[in-house]
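As a plain string of letters, each chain reads:
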Amino acid sequence: MIGVALLGSGAIAAVHADAYGQLAHLCEVRAVCDLYKDKAQALIDKKGMRRAVACGDIDEVLNMDGIDAVSVCLPPDVHASVTIKALRAGRHVLVEKPMAASLEECDAMIEAARDSGKILSPVAQNRFKTPNSKVKAMIESGAAGRTLYATVNSLWWRGGNYYDIWWRGTWEKECGGCFTSHAVHHLDLLLWMLGKPERVTAVITNVGHDNSECEDLGVAILEYPGMLAQVSSSLVSHDEKQEIILQTTCGRLSVPWETAASKALPNGFPEENGEAKTELQSLYDSLPELRTEGHAAQIDNFLAAIVGTESPLVIAEEGRDAIELIMAIYKASVTRTPVTLPIGRGDAFYSRETMAAAMPRFHKKTRSVENFATSDITLGRDVGK
Ligand SMILES: NC(=O)c1ccc[n+]([C@@H]2O[C@H](COP(=O)([O-])OP(=O)(O)OC[C@H]3O[C@@H](n4cnc5c(N)ncnc54)[C@H](O)[C@@H]3O)[C@@H](O)[C@H]2O)c1
């Protein structure tokens, strides 16, 4: 039985608790830790984690016997320090997105994982959604042709009071705006499906959230050899209609799933290519549905990796790739100049303090509450439909 501790007992910790609960034949949550110990106890009670103790101090948890793995469900500014401490204490780590506040922190985490021999897996639960996995397989096999143009609509809606929680809305603690906290899901999927771009151009702004220093809207253009990707990242989109659309040499593939294919009339105008469309649809239909999805599926894989029966499907280097892309987007938007990857160690956008110093403060954060009355959250409408 793998002993688990939840570090943080807020909104996403509840999702981890449910996932570990579904895997009760493999693991047991033995501790829940939060700055607010009563909140940790409340989560234990709510989720019926009878073998778990509530703690108010992470060091105390890392010194407890019987803890093999931790889920880091804390604000982004402490992801790196807590992960490194946990790895050095010999624990396997599943760390929530964004993996860390900077590339420098990601590299220190990767080094700590290597030195400890323990597993470090950043959360990317949307990879474990059937439509995303099918579209990825279709692209990877080459059966759906070569991608020419990707459109990614990472469109979310959050009220102004979303930023009233104490750690959100600052470069120091949340470590970014909608690209870091929301579009990171879609950027990870894009990197997973299509790989890293060569160059990035971007614009960011804040149009609707006056209690946040960081961006709530932005557009990035990613250049690949023979392909462009366009990423919109928004917190002001009422319908939260999220999409990844890949236009390939064979047709359209998208999540939510929809396909289309065109062929040319003698004058070059399009008409539907029914045969190609049917082929794409049949290929999609022939691919397997995932048995488990989302956090439960990633946590299942994380536990299997701990006992050595599977390899981790999301590795630390991939969490780093998403942070590198976000840093390139921030750098391009601030310098108003295209940024060529990779971002090296000497770059201001490699380290947290120099990156934060370079970023605009769109607004001053003036309102701060310790906790909201509810921990209920939604995890994206269409990320994996
Ligand atoms: N994968 C997803 O879809 C998803 C969704 C939501 C949030 N997240 C990520 O999860 C992380 C947490 O977000 P959340 O929405 O659960 O936030 P939250 O505010 O609801 O919960 C965070 C908890 O951490 C506690 N905490 C903060 N600093 C601490 C410390 N030093 N020691 C102990 N406890 C501490 C807080 O008191 C709070 O209860 C963030 O990185 C966020 O981006 C991921």
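Residues numbered from 1 in each chain as written. Predicted model: local features only at pLDDT ≥ 70, side-chain atom pairs only at ≥ 80, totals over all residues. Heavy atoms only, no water.

1. Here's the deal with the overall build of the protein
On a plain count of helices and strands, the protein comes out with 12 helices and 15 strands. Taking 21 Å as the expected radius of gyration for a compact globule of 385 residues, we find that the protein reaches 21 Å, a close match to that expectation. Its C-alpha atoms give the protein principal-axis dimensions of roughly 75 × 45 × 40 Å. Here the protein holds 385 residues, and 56% of them are scored as buried. The contacts in the protein between residues at least 6 apart in sequence include a share of 72% that link residues at least 24 apart. Carbon and sulfur atoms provide 51% of the accessible area of the protein, an area that totals close to 16,400 Å². Taking the 39 positively charged and 50 negatively charged side chains of the protein as two groups, their mean positions are separated by 1 Å. (Helix = DSSP H or I, 4+ residues; strand = E, 2+ residues; numbered from the N terminus. Rg over C-alpha atoms; globule rule 2.2 N^0.38 Å. Buried < 20%, exposed > 50% of the residue type's maximum accessible area, 1.4 Å probe, protein only. Contact = heavy atoms within 4.5 Å. Areas by Shrake-Rupley, 256 points an atom, 1.4 Å probe, with all protein chains shown as cover. Lys, Arg positive; Asp, Glu negative; His and termini not counted. Charge placed at Lys NZ, Arg CZ, Asp CG, Glu CD.)

2. Here we look at the side chain of Ser154
Positionally, Ser154 belongs in strand 7 (residues 147-155). Assessed through its relative accessible area of 0%, Ser154 is described here as buried.

3. Concerning the pairing of strand 10 (residues 227-234)
Most of strand 10 is tucked away: 6 of the 8 residues are buried. Taken together, the 7 bridges between strand 7 and strand 10 define a ladder with parallel strand orientation. Residue Tyr149 lies in a different strand from strand 10, and its bridge partner there is Leu228. Here strand 9 (residues 217-224) hands over to strand 10 after 2 residues, with Gly226 in that stretch at a positive phi of 70°. (Pairing = 2+ DSSP bridges.)

4. A closer look at the site of the ligand
Looking at the ligand, there are 26 residues lining it, with Asp34, Lys39, Lys97, Gln125 and Trp167 nearest. Taking Leu35, its main chain carries an N or O atom lying 3.0 Å from a nitrogen atom of the ligand. Within the side chain of Lys97, a nitrogen or oxygen atom sits 2.8 Å from an oxygen atom of the ligand. Look at the ligand: alone it shows 850 Å² of surface, and the protein chains cover 90% of it. The residue inventory of the shell around the ligand, partitioned by class, reads 15 nonpolar, 6 polar and 5 charged. (Near = heavy atom within 4 Å. Polar contact = N/O pair within 3.5 Å; in protein donor to acceptor, adjacent residues only side chain to side chain. Nonpolar A, V, L, I, M, F, W, Y, C, P; charged D, E, K, R; others polar.)

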